[in-house]
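Chain by chain, the residues run as shown.
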Amino acid sequence: MTVALNAVAETDRTWHGSFELRFDRSGDRTQVQAKTRSPLQFQRPFYPEGPAVCHAAMLHVAGGMVGGDRLSITLDLEPETAALVTTVSAAKIYGSRGRSLVDPAGRFAQQSVWVRVGEGAHLEWLPQETIIFDGALYEQRSRIDLAAGATWLGSEIVRLGRTAGGERYGCGEWRSRLEVWQGDRLVWLDPQRIDATDPATRDGSHGLAGCPIVGTLAWIGQEIPKELITEARSHLPTGDRVDCGITRLQTGLLCRYRGHSVSEARRWFWQVWDLVRRHQRDRRAIVSRFWPL
């Protein structure tokens, strides 16, 4: 069941949207209840893998975010449920300063994500890429709380500037902070910040190295055998215009991508995702109907 609430009128015309999904178990089926507030909407669930895994998608009807917009996403999985949550299209963050004065006040667009994964449950958070326009200010915060035996796989691909049109991200800032907790223990912390005006960040070897695309994929909650890491490394993209790697974590793995192609990053993440799924969950990866191939 989906409940849509009207957006509250804002004098500055900003959006304060929310998206809440609650997954529970009925027999062998993972079912979902949703509550949304514009501009976020819920697409009806589907089950390409059978009843045990619920696939759900989020739609942003406003087409993008500007300075002052706030989005809140809450995903709550009851024990022994399994879900894949994605987005219908790429997220777009429009300029807040510089040449694109959508928001002359220079405010950040903000997104917060809170996830609770119950005992023995599994969540795959696989949104499509985020496109950050020149001049955009964007901050995102995520917290993942895992119960005993729970696992979480998440990916993020960020395009800095509309590079297909020749735009470079030369003005603006992107901030991200991701925390993963299991019980009362912080098992992974991933803070990131890109200031487009800082040459060392934009062009340095320890920053973007001139690359407009960065990506992260992580699996957290279970130990990964060394053999799986070795196999995943055999699929690393190669070439002069890409830099990527895989790290074995105490309770999972971490993949990083830095390069020039969203589709290249996406294909590599899908390969790693499929390897982890087959080994850890005895399921092959199922590409969502919403994703470009």
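Position numbers for residues start from 1 in each chain and track the written sequence from start to end. Predicted model: local features are reported for residues with pLDDT of at least 70 only, side-chain atom pairs are reported and counted for 80 or more only, and whole-chain, interface and lining totals are derived from all residues. Hydrogen atoms and water are omitted, and side-chain values are computed over all heavy atoms in the structure.

Q: Can you tell me about the overall build of the protein chain, naming the residues and giving the values?
A: Helical segments are the DSSP runs of H or I of at least four residues, strand segments are the runs of E of at least two, and each set is numbered from the N terminus. For the protein chain, the helix and strand inventory stands at three helices and 18 strands. In summary, the protein chain has a C-alpha radius of gyration of 19 Å against a globular reference of 19 Å for 293 residues, a match within 12%. Overall size of the protein chain, expressed as C-alpha extent along the three principal axes, is 55 × 50 × 40 Å. Expressed as a percentage of the 293 residues in the protein chain, the buried residues total 51%. We call two residues contacting when some pair of their heavy atoms lies within 4.5 Å. Counted over contacts in the protein chain with a minimum sequence separation of 6, partners at least 24 positions apart contribute 72%. Using a 1.4 Å probe, the Shrake-Rupley method yields the accessible areas, and only the shown protein chains count as cover for residues. Carbon and sulfur atoms form 47% of the exposed surface of the protein chain, whose accessible area is close to 13,500 Å². Of the charged side chains in the protein chain, 37 are positive and 34 negative, and the gap between their average positions amounts to 3 Å. In this description the radius of gyration comes from C-alpha coordinates, and the expected globular size is given by 2.2 Å times residues to the power 0.38. Under the scheme applied here, a residue whose accessible area is under 20% of the maximum for its type counts as buried, over 50% as exposed, and between as partly exposed, the area being computed with a 1.4 Å probe on protein chains only. Charged residues are defined narrowly, with Lys and Arg counted positive, Asp and Glu counted negative, and His plus the chain ends left uncounted. The atom standing in for a charge is NZ when the residue is Lys, CZ when it is Arg, CG when it is Asp and CD when it is Glu.

Q: Give me the nonpolar core: which residues, what numbers.
A: By size, the foremost hydrophobic cluster in this structure holds 47 residues, and its most contacted members are Leu21, Leu123 and Trp152. In this view, leucine 123 contacts Leu75, Leu77, Ala83, Val85, Val115, Val117, Thr151, Trp152 and Leu153; residues no more than four positions away in its chain are not counted. By nonpolar core we mean a set of buried residues, namely Ala, Val, Leu, Ile, Met, Phe, Trp, Tyr and Cys, connected to one another through side-chain atoms within 4.5 Å. Counting 28 residues, the second largest nonpolar core, distinct from the first, contains Ile213, Ala232, Ile246 and Leu275.

Q: Let's hear about the packing of helix H2 (residues 226–233) against helix H3 (residues 262–281): which residues, and what values?
A: Angles here are taken between N-to-C directions and fall from 0 to 180 degrees, while the axes themselves are lines fitted to C-alpha atoms, restricted in helices to the stretch in contact. Taken N-terminus to C-terminus, the directions of H2 and H3 make an angle of 155 degrees; their axes are 10 Å apart at the nearest point. Looking at the two axes, H2 sits roughly antiparallel to H3. Both H2 and H3 take part in a crossing whose hand is right-handed. For the pair formed by H2 and H3, the contact residues are Leu228, Glu231 and Ala232 on the first element and Trp268, Val272, Leu275, Val276 and His279 on the second. A breakdown of the residues in the contact of H2 with H3 according to their chemical character gives six nonpolar, one polar and one charged. Working definition: roughly parallel below 35 degrees, roughly antiparallel above 145 degrees, roughly perpendicular at 65 to 115 degrees, and oblique for all remaining angles. The crossing is said to be left-handed when, going from far helix to near helix, the turn is anticlockwise and less than a right angle, and right-handed when the turn is clockwise. Under the convention adopted here, Pro, Cys and the residues Ala, Val, Leu, Ile, Met, Phe, Trp and Tyr are nonpolar, Asp, Glu, Lys and Arg are charged, and Gly plus all remaining residues are polar.

Q: Requested: an account of the environment of glutamate 167, with residues and values cited.
A: Locating glutamate 167 in the fold gives a position in the loop between strand E13 (151–160) and strand E14 (173–182). Along the primary structure glutamate 167 and proline 199 are separated by 32 residues, whereas in three dimensions their C-alpha atoms are 17 Å apart. Discounting residues that sit within four places of it in the chain, glutamate 167 has contacts with Phe133, Asp134, Gly161 and Arg162. A polar contact is formed between the side chain of glutamate 167 and the backbone nitrogen of aspartate 134, at a distance of 3.0 Å. In terms of polar contacts, glutamate 167 uses its side chain to reach the side chain of arginine 162, at 2.6 Å. Any pair of N or O atoms that falls within 3.5 Å is considered a polar contact. Within protein, one atom must be able to donate a hydrogen and the other to accept it, and sequence-neighbouring residues count only if both atoms are side-chain atoms.

Q: Describe the pattern of salt bridges, listing the residues and the values that go with them.
A: A pairing counts as a salt bridge when a side-chain nitrogen of Lys or Arg comes within 4 Å of a carboxyl oxygen of Asp or Glu. Across all of its chains, the model carries 21 salt bridges by this definition. Arginine 116 is the partner of aspartate 76 in a salt bridge, and the nearest nitrogen-oxygen pair spans 2.6 Å. With a gap of 40 residues between them, aspartate 76 in strand E6 (residues 70–77) and arginine 116 in strand E9 (residues 109–117) connect regions that are remote in the sequence. When its relative accessible area of 17% is taken as the criterion, aspartate 76 is described as buried. Salt bridges sharing common partners tie together Arg22, Asp24, Asp76, Glu78 and Arg116.

So, to be careful, I would describe these as geometric facts and stop short of saying anything about function.
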